[in-house]
Amino acid sequence: MRNPQLNANGALTHLLSIEGLPREVITHILDTASSFLKVSHRDVKKVPLLRGKSVFNVFFENSTRTRTTFEIAAKRLSADVINLDVTRSSTAKGETLLDTVDNLVAMHADMFVVRHAASGAPHLIADHLRRLGREDVHVVNAGDGRHAHPTQGLLDMYTIRHYKQEFTNLVVAIVGDILHSRVARSDIHALTTLGAAEVRAVGPQTLLPTAIEKMGVRVCHDLRSAIRDCDVVIMLRLQNERMNGALLPSAREYFRCYGLTPAVLALARPDAIVMHPGPMNRGVEIDSDVADGPQAVILPQVTFGIAVRMAVMGILAGN
C-alpha cells in the first residue's frame with residue numbers, strides 16, 4: 001500500500017506522520033531547513049517561494065508555540081496566512097470537519113496546517129482531498145491527539161543533528177509522559193529511521209504505552225540508570241489535559257522520581273544536550289537550573305522550528 005503522504009513519484013505531498021517516511025525524505029527536509037535557517041539572519045526575512053499561495057492554520061486545540069512558528073514560517077515564505085478562529089467558526093455551530101474543509105477549498109486554500117484533538121483528523125482531511133481529486137491542496141499535521149506531531153519530531157531531529165552531527169552512535173533518552181505524547185511517538189519513529197544506536201523510553205509504568213518496545217525502544221523505569229551515558233535527553237511535559245483518572249500520586253512525587261535535576265544530568269555524557277518540546281513545567285519534569293543551564297538547547301529548538309516548518313511547506317508546494 002502506497003504511503004498516503006507520498007505521490008506516485010515518491011515526493012512528499014502531505015506531512016501527516018514521520019512513521020513510514022523514508023530516511024531520504026527526512027534527510028531532505030533537514031537539509032532544506034539548513035538553507036532556510038539563514039533567512040532568519042537577514043535584514044529582510046522573506047523569500048518568495050509561496051507568493052500567491054494561501055495557507056490556512058486550522059487549530060482545533062490551543063497552541064502558542066506551534067501556531068506562531070507556523071505563521072512566521074508561512075509569512076517568511078511570502079504566503080497569505082489565514083488563522084481560522086475555530087471557537088467562532090461554523091464548526092462551533094455544528095458544521096462537520098470535512099464541510100469546513102470543503103468551504104475553505106472553495107476559497108482557494110493551497111495548504112492546511114491542522115491541529116486536532118482527534119487522532120487521525122489530518123489523515124481524514126488528506127484522504128478527503130484525494131477523493132475530491134485535489135492533490136494540489138496539501139495538509140500538514142500540527143499535532144493530532146496522541147498520534148503524531150511530525151514537525152516537532154523533525155525540528156527535534158534538526159536540533160540533534162546540529163549539535164551531534166550524526167545519529168548512528170547516539171544514545172537518546174525520552175523521559176516522562178510518553179503515553180499521552182504525540183511528540184514522543186514522532187521522535188521515536190524519526191530516531192529509529194535515522195539509525196540512532198539506542199532510544200530509551202523512560203517513565204512510570206502508568207505513563208508508558210503498552211508494548212512500546214515494539215517501536216524499537218528500550219523501556220526503563222529508573223531515571224538514573226536510564227540517563228547514564230546518554231548523549232541526548234528529551235524531557236516531556238505531563239499531559240494533564242489528556243489524562244483520564246489519577247495516573248500519578250502527585251507532581252511532587254513525580255519530580256522526585258523523574259524530574260531532571262543537575263545531579264541526575266551529571267550521569268549523562270559531559271556533552272549531553274537537554275531538549276524539551278515545551279511548554280515546560282518547571283519543578284515537575286525539569287529543574288530550572290537544568291532548563292536554564294549550558295546543556296539545555298530548548299530555545300534553539302524553537303528557532304530551528306521556524307526553518308523546519310519553512311522547509312516542509314516549501315517542499316510540499318513543489319519548491
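Residues numbered from 1 in each chain as written. Predicted model: local features only at pLDDT ≥ 70, side-chain atom pairs only at ≥ 80, totals over all residues. Heavy atoms only, no water.

Rule in force here: UniProt positions are given in the numbering used here, feature names are shortened, and annotations may be inferred rather than shown by experiment.
By the naming in an unreviewed UniProt entry, the chain goes by Aspartate carbamoyltransferase and is assigned to Candidatus Accumulibacter adjunctus. We quote the UniProt Catalytic activity (unreviewed entry) comment for the chain here in full: "carbamoyl phosphate + L-aspartate = N-carbamoyl-L-aspartate + phosphate + H(+)". As recorded by UniProt, the Pathway (unreviewed entry) comment attached to the chain reads in full: "Pyrimidine metabolism; UMP biosynthesis via de novo pathway; (S)-dihydroorotate from bicarbonate: step 2/3."

A few points about the nonpolar core
In plain terms, the rule: Buried Ala, Val, Leu, Ile, Met, Phe, Trp, Tyr and Cys residues form a nonpolar core when they are joined through side-chain atoms within 4.5 Å. Each residue is assigned to one of three classes by its accessible area relative to the maximum for its type, calculated with a 1.4 Å probe on protein chains only: buried under 20%, partly exposed between the two thresholds, exposed over 50%. Elements are defined by DSSP. Helices are runs of H or I of four residues or more, strands are runs of E of two residues or more, and each kind is numbered from the N terminus. Domain start and stop positions are those given by an automatic or database domain assignment. We call two residues contacting when some pair of their heavy atoms lies within 4.5 Å.
In this structure, Ile 174, Leu 191 and Met 313 are the most contacted members of the largest nonpolar core, which totals 63 residues. Per element, the largest residue contribution to this core is ten residues, and it comes from helix H11 (residues 298-316). If you count residues domain by domain, this core takes at least three from each of domain 1 (23-148 + 303-318) and domain 2 (150-297). What Ile 174 contacts, discounting residues up to four positions off in sequence, is Ala 184, Asp 187, Ile 188, Leu 191, Val 199, Arg 200, Ala 201, Val 202, Ile 234 and Leu 236. If you look at the next biggest cluster of nonpolar residues, it comprises 28 residues, including Leu 223, Ile 227, Ala 268 and Ala 296.

Concerning the sheet that holds strand E3 (residues 111-116)
Under the convention used in this document: For two strands to pair, DSSP has to find at least two bridges joining them. A fitted line through C-alpha atoms serves as each axis, taken over the contacting stretch for helices, and the angle formed by two N-to-C directions is quoted from 0 to 180°.
Across the sheet, which stays open at both edges, the four strands sit in the order E2-E1-E3-E4 with parallel pairing between neighbours. Of all strands in the sheet, those bounded by a partner on one side alone are strand E2 (80-84) and strand E4 (138-144). Taking the axes of each pair of neighbouring strands and ignoring which way they run, one obtains an average angle of 15° across the sheet. Note: strand E1 (residues 54-59) against E2, five bridges, orientation parallel. Paired with Phe 56 across the two strands is Ile 82, which belongs to E2. Helix-sheet contacts for helix H4 (residues 121-131) involve E3 and E4, and the interaxial angle to E4 is about 165°.

Considering helix H3 (residues 97-106)
This is how it is decided: By arc we mean the arc of the directions from the helix axis to the C-beta atoms, nothing more.
Leu 97, Leu 98, Thr 100, Val 101, Leu 104 and Val 105 are the residues of H3 that are buried. Projected down its long axis, H3 carries its buried residues within an arc of 155°, all on one side. On its buried side, H3 packs onto E1, E2, E3 and H4.

Some points on the domain arrangement of the chain
This is how the line gets drawn: Here the quantity called buried area is the total loss of accessible area, with a 1.4 Å probe, experienced by two parts when brought into contact, counted for both.
Taken as a whole, the chain is organised into domain 1 (23-148 + 303-318) and domain 2 (150-297). Taking only C-alpha atoms, the centre of domain 1 and the centre of domain 2 are 26 Å apart. Contact with domain 1, which involves 27 residues of that partner, is made by 23 residues of domain 2. A buried area of about 2200 Å², summed over both sides, lies between domain 1 and domain 2, and 60% of it is on carbon and sulfur atoms. Taken as a group, Leu 30, Arg 146 and Phe 304 account for 33% of the area that domain 1 buries against domain 2, more than any other trio of residues on that side.

Notes on the pairing of E4
Note the following rule: Whether a crossover is right-handed depends on one test, that the path from the first strand over the helix to the second runs clockwise when the strands point away from the viewer.
By the criterion of burial, E4 is predominantly enclosed, with seven of the seven residues buried. Note: E3 against E4, five bridges, orientation parallel. What sits directly across from Val 113, in E4, is Val 140. The handedness of the E3 to E4 crossover, carried by H4, is right-handed.

Here we look at the packing of helix H1 (residues 23-37) against H11
The test is simple: Left-handed describes a crossing in which the near helix is turned anticlockwise from the far one by less than a right angle; the clockwise case is right-handed. For this classification, the nonpolar set comprises Ala, Val, Leu, Ile, Met, Phe, Trp, Tyr, Cys and Pro, the charged set comprises Asp, Glu, Lys and Arg, and every other residue, Gly included, is treated as polar.
Contact geometry for H1 and H11: axes closest at 8 Å, N-to-C directions at 115°. Of the two possible hands of crossing, H1 and H11 adopt the one that is right-handed. Touching His 28, Ile 29, Thr 32, Ala 33, Phe 36 and Leu 37 of H1 are Thr 303, Phe 304, Ala 307, Val 308, Met 310, Ala 311, Val 312 and Ile 315, all from H11. Residues belonging to the contact of H1 with H11 are distributed by class as follows: eleven nonpolar, three polar and no charged.

Some points on the sheet that holds strand E5 (residues 171-175)
Judged by pairing direction, the sheet is parallel, and its five strands sit side by side in the order E7-E6-E5-E8-E9 without closing on themselves. In this open sheet, the two strands that pair with only one neighbour each are strand E7 (218-220) and strand E9 (273-275). For this sheet the average axis-to-axis angle between neighbouring strands, irrespective of direction, equals 20°. Alignment of strand E6 (residues 198-202) against E7, held across three bridges, turns out to be parallel. Paired with Val 202 across the two strands is Cys 220, which belongs to E7. On top of the sheet, helix H5 (residues 150-164) reaches strand E8 (232-235) and E9; it is set at about 165° to E9, its chief contact.

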